[in-house]
Amino acid sequence: HASEWRTGSRRDFLRVMGASLILAGASGCDIKQPQEKIVPTVDSARHAPTGLPLYFTTAMDFAGSAVGLTVQSRDGRPIKIEGNANHPASLGATGVFAQAATLDLYDPDRLRAPSVSGKIVSLERVRAAIVALREQLDANQGHGLRLLIGTSTSPTLARLLKSVTQRWPQSKWGVYESINDDQSLAGRSLAFGKQAVAYSPIFDFSQADVVVSIVYDFLANRDTPPCYIGQFADARRIAGKRGDDDRSMVRLYHLGSTPTPTSAKADYPLAVSPSEIGPALRDVAAKLGVEVGASEAKSGERTARWVNRLVADLKNAGKRSVIVVGREQSPAIHALAHAINEHTGATGNTVRFVESPQVRPPNSSSDVKSLANLSDEMRAGKVNELLILGGNPVFDGPSDIAFTDALSKVNFTLTLADSANETSVRSKWAVPRSHFLESWGDARAYNGTASIVQPLIAPLYESLSAIELLTMLCEDAGSGYAAVRNTWEPQLGQGDDDTRWQHAVSNGVIEKTELEEKSLQLDKDAVAKAAKSFASTEKTNAADSEFEIICKPDPTIWDGRFANNGWLQEMPKPLSHVVWDNTAWIGPADAKRLELENGDVIRIGSADNDEAVEIPMWIVPGHAAGCLSVFTGFGRAKVGRVGKGTGFNAQSLRTQTAPMTVAKTPRKHDVVTTQHFQVMEGRDLARAGSLVEYLQQSEKPGFAHPPSPAPDTSFYEDWSYKHDNKWGMSIDLTACVGCSACVIACQAENNIPVVGKQQCSMNRHMHWIRVDTYFKGPPEHPEHTLNQPVPCMQCEQAPCEVVCPVAATNHSDDGLNQMVYNRCVGTRYCSNNCPYKVRRFNFLDFSDNFITEPSLHLLSNPEVTMRQRGVMEKCTYCVQRIEQARIGAQLEDREIRDGDIKTACQAVCPAQAIRFGDLHDAESSVRATHDHPLNYVLLEELHTKPRTTYLAEVYNRDEEADA
């Protein structure tokens, strides 16, 4: 009935689609394999009527640890992901990659069937090839068999890999992840001995008075557990702080080169070139009394002030301090940070060591070395069969390893891939990889807590997971479900005894699976020897064109694996707000010296070097001088239609260590950003002040409440609420870290379309919530950076409502600025009259993609109207969630309780910066924030009386003492 979907009504579409899914699910369960029961959460355990949601827990294994998830499923299709409050890494929050995972699941460009040498084959053909391979391996004890996996924490995968090497002793397996922990592992080995690579540090920011980040972007909410943001925010927030702890606000120091969400939040950020980071940290250690030897060199004046201030705070904080280091820093820097934590007493309090949850071969401590050794063996003819179970080493492998050439020397190559990529097209066998929402598995959190990864939908295509493929290879028969059950049989039971299994799957965590803590012995002599390698000299090459190059994963598409995800491509990147591109960041002083402007294409590398990279540059306030930050992951040669032709390939720069020449080219690239830097327009939009100011003026801080420009006079009459509810929201700028998870959560919840780079360049982006960034102070060294989420203000005296000629925008009884889409005729008067510019207009029929792409039908939220061309849209406080809670309360014959409703942006926020509820409820959390001294209204002089308000940011910098 596909033809009927285009011509019929939306109700007919959902009816036909629902029936199709039921038939597809029944076919998948009864024909392909025995039934495998998934388990909903306790709250939704009773059978819900058709059309109402069920909720299932699962986990996403990413970047070396798992995040627990709760997924909403409607009529058998997962549509919205939230965090699992039971999971220690999540605590109910998630990040942008987890929020965008449903779009990856329904991506029309996913691999749909296996292929051999480019020819489509069936999954049975793959099984037959694996059986033949197994027989061959049994005959030669696995000689020539190699397996390559990406970073994983799956206990089942670890068990299966162990089974492979036990059954075939001549076989080997390794791990390669492009964004890896090689440097941090080497640093732990240097500080504590080789046995330390089996352990990893975990941090507790809630117990810290002083946090020092050495290029560790733990507030970005990408590859670190979301709970770290929650811990930090709880130790920092002023309004709504948990517990009775009355100690002062945690103070954050940041040392690095590239501005990040963490450096933006720092009270004392110091921007230095990469070569100056080690010497600065060495000075800190020496002044604290750590044995690092003597140094004759001196730091610059700014660095010296920063070091002296930090040392004083570390001495005062003692064990309530912590130094954290980014994974890309040198082993010596990692080792020195461990020594400082040991010296201050932080080790054992704010930082502990546990067994590493990552799956690694014995005695393996380097992903790059593992890939290099594999490449050498392939070139030497020692590899007969290579199975690549995830990852894309042809694209993101170091260029000096030449993995692509080595791969051509292997007779049997099989790549498990989500979609066609640079590695799969060069492999003999390309097998579709099952999404984690359609396959069984397991994964461990950062502290070792294990979760069962359960599917929410039968595989959409002929795909396999890594667990299923290995089960097929070494256990002769069975499924991913059976493999996971076998792994956890001793703890969760098997067969008819499945009560413990169902409890673990339903809750999303397996109890008492935290990994063992370990006390490590610091090798002081090794650390002191490593510290001597730092030459403490301030960079002075301001007159030449040589720059230190910093390669970082892109904050939206990471290492390129999310390049075909339109939500992530169009999400404005933190601080720069660039979309659909990658750039090279440069400091304002360097840009002025080289006469560069935003969008100028620069050449990195010598003019006669064929591997030189050309990429557009972007001027970023607060970027260190003498260095460039280049974001990788773009410029892929083999990618789906969304990622095709986007960005610039800068992978070759990742292996460069020496300074490189930077030259301006005649070309200019159209870089699109959703906000320009430092545009305040003379208005107090984002307000901030110091903790000292707040404590001195706690009743009504002057920085949050400047003198009112005019009395509260208006032609509007005050709105009188006919119902008991008065919905309101507050956004705490002290807690907000600008991670943009709210942007993607809103998009996933409300069927917000992707419009593309061209439309974004015309200011036609469709996001219902944006995150603005403001800098205070000189561009070279901003004193403060502030992020401000801006949704619809939901004004009581709304300028948008009075100008609509067809009453499409109006006021509800409980205070919502409603949009009636089928009334709107697209005059755009409301948008012109909105002072906050939070309304979006459908210039084109962006929702058409949901009609032309069948798989994307499954993604849409049926509770939210699909808007058509010529319709105005905006934030609605997730009115569908309000109505769902109201219906539930009526069925239970009670009032709506505080906390019953969580908007999509509120639910995803790891910092709990967003509060929502009934302002008529005197005990509600949102009422407490609206009554707080820090609370202020955006553009209050206009007297629109918004019910979305802000809490001014408080930072912990003693400006009087610093003067």
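See above for the structure.
Small disclaimer: the values here were computed from a predicted structure and weren't measured.

Participant: Whenever I open this one, the side chain of T156 confuses me. Can you help?
Facilitator: Relative to the elements of secondary structure, T156 occurs in helix α6 (residues 155–167). In this structure T156 comes out as buried when scored by relative accessible area, which is 0%. At a separation of 2.9 Å, a polar atom in the side chain of T156 contacts the side chain of T487. Contacts of T156, omitting those with residues within four sequence positions, involve D442, I467, A483, V484 and T487.

Participant: Before we go on, may I ask you to explain helix α12 (residues 331–344) in this structure?
Facilitator: Helical periodicity: at 3.6 residues per turn, an α-helix aligns residues three or four positions apart in one direction. Helix length check: α12 (14 residues) gives 20 Å between terminal C-alpha atoms against 20 Å at 1.5 Å per residue, within 8%. With 11 of 14 residues buried, α12 lies mostly within the body of the structure. Within the sequence span of α12, burial applies to A332, I333, H334, A335, L336, A337, H338, A339, I340, N341 and T344. With its phi angle positive at about 90°, G345 sits one or two positions after the end of α12.

Participant: Explanation requested: the nonpolar core in the structure shown.
Facilitator: Considering soluble globular proteins, one finds that nonpolar side chains tend to be buried as a cluster. Residues F205, F218 and Y228 are the most contacted members of the largest nonpolar core, which totals 139 residues. Sorting elements by how many residues they give to this core places helix α24 (residues 741–749) first, with seven residues. Filtering out sequence-adjacent residues up to four positions away, Y228 remains in contact with P201, I202, F203, F205, Y216, F218 and Y446. Core analysis: the next-biggest nonpolar cluster, separate from the first, contains 43 residues, V290, L314, A317 and A530 among them.

Participant: Help me understand the sheet that holds strand β6 (residues 145–149), please; the structure alone is not making it clear to me.
Facilitator: Two pairing modes exist for strands in a sheet, parallel and antiparallel, and in both the strands are linked by backbone hydrogen bonds. Overall, mixed pairing links the seven strands, which are arranged β5-β4-β16-β15-β14-β6-β7 in an open sheet. The sheet is open, and its two borders are formed by β5 (119–120) and β7 (172–175), each paired with just one other strand. Relative to strand β16 (residues 429–432), strand β4 (residues 115–116) runs antiparallel, the two being bridged by two bridges. Within β16, the position partnered with S115 by the bridge is A430.

Participant: Any chance you could explain helix α19 (residues 499–507) here in plain terms?
Facilitator: Within the span of α19, buried status applies to W501, A504, V505, S506 and N507. At its buried positions, α19 is contacted by β1 (54–62), β18 (450–453), α17 (480–487) and α18 (489–492).

Participant: Is there a simple way to explain the packing of helix α7 (residues 182–192) against α12 in this structure?
Facilitator: Each packed pair of helices is defined by two parameters, the angle between the axes and the distance between the axes. Direction vectors running N to C along α7 and α12 enclose 50°, while the axes themselves pass 7 Å from each other. Here α7 lies oblique to α12, going by the angle between them. Crossing geometry of α7 relative to α12 is assigned as right-handed. The residues of α12 that touch α7, namely those facing Q183, S184, A186, G187, R188, L190, A191 and F192, are P331, A332, H334, A335 and H338. In terms of residue class, the contact of α7 with α12 is built from seven nonpolar, five polar and one charged.

Rules used in this analysis
Residues numbered from 1 in each chain as written. Predicted model: local features only at pLDDT ≥ 70, side-chain atom pairs only at ≥ 80, totals over all residues. Heavy atoms only, no water. Helix = DSSP H or I, 4+ residues; strand = E, 2+ residues; numbered from the N terminus. Buried < 20%, exposed > 50% of the residue type's maximum accessible area, 1.4 Å probe, protein only. Polar contact = N/O pair within 3.5 Å; in protein donor to acceptor, adjacent residues only side chain to side chain. Contact = heavy atoms within 4.5 Å. Expected span 1.5 Å × (residues − 1). Core = buried A, V, L, I, M, F, W, Y, C linked by side-chain atoms within 4.5 Å. Pairing = 2+ DSSP bridges. Axes fitted to C-alpha atoms, helices over the stretch in contact; angles between N-to-C directions. Parallel < 35°, antiparallel > 145°, perpendicular 65-115°, else oblique. Left-handed = near helix turned anticlockwise from the far one by under 90°. Nonpolar A, V, L, I, M, F, W, Y, C, P; charged D, E, K, R; others polar.

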